[in-house]
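# Secondary and tertiary structure notes
Listed below, chain by chain, are the residues.
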Amino acid sequence: MQKVVILYLLQYTTISLVLIYYSIQILFTGSDTLHTRMANRIEELCIRQDVDGIFVSIPSDTVLSAIQQCLDLGIPTISINAGADKSQELNLSHHIGQLEFNAGKGAGKFLIKSGITSGSCANHAEGVAVVEERCAGFAAALEEAGVPYIGQAYVPDDNEPIYIENVENVVNQDGDWSGVGFLAAGGPQHVSAASLQKRYPGVKIGAFDTSSSLYEALDAGTVEFGMDQEPYLQGYMPVVLLTMAATTGQGVSNRVIESGPAFVTESPSKERQECEEVFYKTCDEAEAAVEEVGQQQNNTGLIVGICVLAVVVVAMGGFFVYRLRALNKHVAELKAQGHSVRRVSMSQRALSIVKPVNQVVEADDTAPAQPDA
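For the structure given in this document, a descriptive report is provided here.

The subject of this paragraph is the environment of Thr-117. Topologically, Thr-117 is positioned in the loop between α5 (100–113) and β6 (118–123). As a C-alpha pair, Thr-117 and Val-147 span 30 residues in sequence and 5.8 Å in three-dimensional space. When neighbours within four sequence positions are excluded, Thr-117 is seen to be in contact with Val-147, Pro-148 and Gly-179.

On a regular strand, each side chain points to the face opposite its neighbour's, so the side chains alternate between the two faces of the sheet. Counting buried positions along strand β9 (residues 204–208) yields four of five residues, so the element is predominantly enclosed. Between strand β8 (residues 180–184) and its parallel partner β9, the chain crosses via helix α8 (residues 190–199), and the hand of that crossover is right-handed. Taken together, β9, helix α9 (residues 212–220) and strand β10 (residues 225–228) form a β-α-β motif whose crossover is right-handed.

Time to look at the environment of Ala-262. Inspection of the secondary structure assignment puts Ala-262 in strand β12 (residues 262–264). Residue classification places Ala-262 among the partly exposed residues on the basis of a relative accessible area of 34%. As a C-alpha pair, Ala-262 and Ala-103 span 159 residues in sequence and 9.1 Å in three-dimensional space.

By size, the foremost hydrophobic cluster in this structure holds 24 residues, and its most contacted members are Tyr-163, Val-167, Trp-177, Phe-182, Leu-196, Val-203 and Ile-205. Setting aside chain neighbours within four positions, we find Leu-196 in contact with Ile-164, Val-167, Trp-177, Phe-182 and Ile-205. Cys-46, Val-63, Ala-66 and Leu-90 belong to the second largest nonpolar core, which has 17 residues in total.

Think of it this way: side chains of opposite charge can pair up when their charged atoms draw near. Under the defined criterion, the tally for this structure stands at seven salt bridges. For Asp-61, the salt bridge goes to Lys-86, with nearest N and O atoms at 3.4 Å. One end of the pair, Asp-61, is in the loop between β3 (54–56) and α3 (64–72); the other, Lys-86, is in helix α4 (residues 84–90), and 25 residues separate them in sequence. For Asp-61, a relative accessible area of 47% corresponds to the partly exposed category. The shortest N-O distance in the salt bridge between Asp-209 and Arg-134 comes to 4.0 Å. Separated by 75 residues along the polypeptide, Asp-209 in the loop between β9 and α9 and Arg-134 in helix α6 (residues 129–144) bring together distant segments of the chain. Where salt bridges share partners, they join Asp-61, Lys-86 and Glu-89 into one cluster.

This part covers the state of the cysteines. Applying the stated criterion to the full structure yields two disulfides. Note on cysteine connectivity: Cys-46 is disulfide-linked to Cys-70, with sulfurs 1.9 Å apart. Negative torsions about the S-S bond denote left-handed disulfides, and the value of about 95° found for Cys-46 with Cys-70 makes this one right-handed. In this pair, Cys-46 is assigned in helix α2 (residues 35–48) and Cys-70 in helix α3, connecting sequence segments 24 residues apart.

Glancing now at the sheet that holds β9. Backbone-to-backbone hydrogen bonds join strands into a sheet, with any given pair of strands oriented parallel or antiparallel. The six strands are arranged β7-β6-β8-β9-β10-β12 in an open sheet whose pairing can be described as mixed. Edge positions in the open sheet fall to β7 (149–154) and β12, since each of these has one partner strand only. Strand-to-strand, the axes of this sheet are offset by a mean angle of 20°, without reference to chain direction. In this structure, β6 lies alongside β7, joined through five bridges in parallel fashion. By the bridge assignment for β7, Ala-122 is matched with Ala-153. Set on the sheet, α6 makes contact with β6, β7, β8 and β9; between it and β6 the angle comes to about 175°. Those strands touched by α8 are β8 and β9, and its axis lies near 175° from that of β9.

Conventions adopted
- Residues numbered from 1 in each chain as written.
- Predicted model: local features only at pLDDT ≥ 70, side-chain atom pairs only at ≥ 80, totals over all residues.
- Heavy atoms only, no water.
- Helix = DSSP H or I, 4+ residues; strand = E, 2+ residues; numbered from the N terminus.
- Contact = heavy atoms within 4.5 Å.
- Buried < 20%, exposed > 50% of the residue type's maximum accessible area, 1.4 Å probe, protein only.
- Right-handed = clockwise from strand over helix to strand, strands pointing away.
- Core = buried A, V, L, I, M, F, W, Y, C linked by side-chain atoms within 4.5 Å.
- Salt bridge = Lys/Arg side-chain N within 4 Å of Asp/Glu carboxyl O.
- Disulfide = S-S within 2.5 Å.
- Pairing = 2+ DSSP bridges.
- Axes fitted to C-alpha atoms, helices over the stretch in contact; angles between N-to-C directions.

Structure below.
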């Protein structure tokens, strides 16, 4: 019976077709973002359900004791997306995601290269470690480069006027904000951040995550970049790793598997965006390309195989001829020495290919002399 892998996903994580590929039975929980309820659900899955593995996100310390209970029961546990440091403290086998502080630092370096003279980070989830680490990394990059860090602007993720007002209070500058670098630390800010740039066209904005709104902003030139941490891959890989661990006992040695960040500076094609929106279920263009490449690889393999086979056949033929000539030479030498030799049979000729010729044909002076072959 196929092992059961239990998944707990937050709302930003995508489960993929790999589940169908591995024929895994899924006990799936919904998009529950309240950390206490998340912890209760993890405990329920590990204590009351017959599970062979679980992967979780660690958005706060609230879920740590629940994860520890899974570990105490010997259930393989992988963390994804949030909580890389807590994952290490718990000694989980893997964390799959981007290292948020490093990603924030990379965003800072990107904007510094674009010429900013000061910077601020917008935090839409105060107290959530992931977003706090992003802003901390951004601040560190600016401080190391000697660029003034104005500070964090705590903003709502669903109210554009208040968003802009809160950022204005932190930046506290007149004019078009030329030289100001601004990091939107998550996808919920994409629309409001683009509106901010329209009001202050001198500001240079970078953003975490990708979305259709982010792509529109890239096309309009109101945002410098987005940062893709591959959430689909984050949902895909633990299924494979937990399945392999449960069914074969095999795994990879890398504890942290970084799925990002990748800087996105231009929007992908419309076809690619549609493919992403349906979680890669319908990617005709990509599938056609894969099929074409696969067919080319198959044809190349066939040609190489035929060539190798031809070389082997020629080599074996040459070896057979060499051995038969050695047998005929041996028979001729025996006759030259005055010995009688029985007619060489087909079985002896075949045997001479693998045995020394003097063991295959010996002198037999009681036999009538045979004419030379």
